[in-house]
Amino acid sequence: MATTSCIVKVSGITPETDRVSAFELTAPDGGALPPFTAGAHIDLHLGNGLVRSYSLLNDPVEDRRYVIAVQKEVDGRGGSLYMHDVLRIGDTLKADCTENRFGLCEDAQHSVLIAGGIGITPLMAMVARLRRLNRSWELHYVARMRRDAAFIGALEAFGDWNPSPVRFYATREAGGGRPDIAAIVAAAGSGTHFYCCGPLPMLKDFETAAPADAAGRFHREHFSSEEAPALYGGFEVELRRSGKVLTVTPGKTILDTLLEHKVSVSFSCSEGICGSCLTAVIDGVPDHRDQFLTDEEKAGNGSIMICCSGARSQRLVLDL
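Parameters at a glance
- Residues numbered from 1 in each chain as written.
- Predicted model: local features only at pLDDT ≥ 70, side-chain atom pairs only at ≥ 80, totals over all residues.
- Heavy atoms only, no water.
- Phe/Tyr/Trp six-rings, centres within 6.5 Å; stacked < 30°, edge-to-face > 60°.
- Lys NZ or Arg CZ within 6 Å of the ring centre and 35° of its normal.
- Helix = DSSP H or I, 4+ residues; strand = E, 2+ residues; numbered from the N terminus.
- Polar contact = N/O pair within 3.5 Å; in protein donor to acceptor, adjacent residues only side chain to side chain.
- Salt bridge = Lys/Arg side-chain N within 4 Å of Asp/Glu carboxyl O.
- Buried < 20%, exposed > 50% of the residue type's maximum accessible area, 1.4 Å probe, protein only.
- Contact = heavy atoms within 4.5 Å.

- Looking at an unreviewed UniProt entry, one finds the protein named PDR/VanB family oxidoreductase and attributed to Ferrovibrio xuzhouensis.

The structure is reproduced here in structure tokens:
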């Protein structure tokens, strides 16, 4: 997966809710940043040694800034706490820009966007792009309460449109309810593309609503893992380029094992979502546990997400 790296400076931090803040990132010299498309993310190398993936939410025509939103998770793995509690305006970070696997079909007759909570972030960039292209779109945005919804002020501005393309659902407020995703899909035309980013129950409803002929028109992005990582161990990993053979022991992932033996590999989310640790498989059969590869890619067994997947064969030979 091709990656472009750059250094970014924190130019602004704006609270959106009690738990969500938007971070504006620019080049230290004020110049242009690597281009991106709606739905893309960047991997930020944090000062505490972690690498975390964040969706870009601003208009892709803005070539001199990236804007991300981070929800503070007190019980998380440290990335959001660093962003909220440590990072300050003027600090610099390394950013990796990788392939966009949640890209927008810009010539679709109509686009339906469905967001749950912080899943709104990549869809904000899609809204900006669709507006710029003067394309037909609608957004269904779900949060527990109105005060929990990031960017609600900007989205409420569409209330002046007739009809408004934005529908907001506050699940813990009187009369809020939840979107009927199956009904939304059924009401859309055959040329519609659908996009969903949110928690696992929402994504499951989204997948269930997809008709049999929907291939290529239903797009989803996870922000949490569906499956537990493969921790059973008991197999070997051969690194073809270095010639090393390592044993993955119970309780360890392939990534854990590589890092213990000082093997330099890329990784970020450690949940099989972002794609940073994608590694080519030369021989052997992976036990895929990720949400990044397509079903066809998994069936081909040509690559593996080493942060969470294991092996169905006694040995995996990796292009490392």
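**Here's the deal with the packing of aromatic side chains**
Inference 1: Applying the stated rule across the entire model yields 7 aromatic pairs.
Inference 2: One aromatic cluster is present, built from ring pairs that chain together F194, F206 and F218.
Inference 3: The positively charged end of R101 is found above the aromatic ring belonging to F292, 4.2 Å away from the centroid.

**Some thoughts on the side chain of T121**
Inference 1: If you trace the backbone, T121 turns up in helix α2 (residues 120–132).
Inference 2: In this structure the side chain of T121 is engaged in a polar contact, spanning 3.2 Å, whose partner is the backbone oxygen of I118.

**Some details on the pattern of salt bridges**
Inference 1: The full count for this structure, using the stated rule, is 17 salt bridges.
Inference 2: Note that E297 and R101 form a salt bridge whose closest N and O atoms lie 2.8 Å from each other. With E297 in helix α7 (residues 295–300) and R101 in the loop between β6 (92–97) and β7 (110–116), this pair connects stretches of sequence that are 196 residues apart.
Inference 3: The partly exposed category is assigned to E297, whose relative accessible area is 29%.
Inference 4: Using a relative accessible area of 32% as the deciding quantity, one classes R101 as partly exposed.
Inference 5: For the salt bridge of R220 with E207, the shortest nitrogen-to-oxygen distance reads 1.4 Å. Placement of the pair is R220 in strand β11 (residues 218–222) and E207 in helix α5 (residues 200–209), with a sequence separation of 13 residues.
Inference 6: The network of salt bridges with shared partners includes E236, E238, R240 and R315.

**Overview of unusual backbone geometry**
Inference 1: Positioned with a positive phi, F151 is a non-glycine residue whose angle comes to about 65°.
Inference 2: With respect to the secondary-structure elements, F151 resides in the loop between β8 (137–143) and α3 (152–156).
Inference 3: Here the phi dihedral of K262 falls at roughly 60°; this positive angle occurs in a residue that is not glycine.
Inference 4: Structurally, K262 is set in the loop between α6 (254–260) and β14 (278–283).

**Some thoughts on the environment of A38**
Inference 1: Tracing the sequence through the fold places A38 in the loop between β2 (20–26) and β3 (41–45).
Inference 2: Excluding anything up to four places from it in sequence, A38 contacts P60, N100, F102, G103, L104, A125, M126 and R129.

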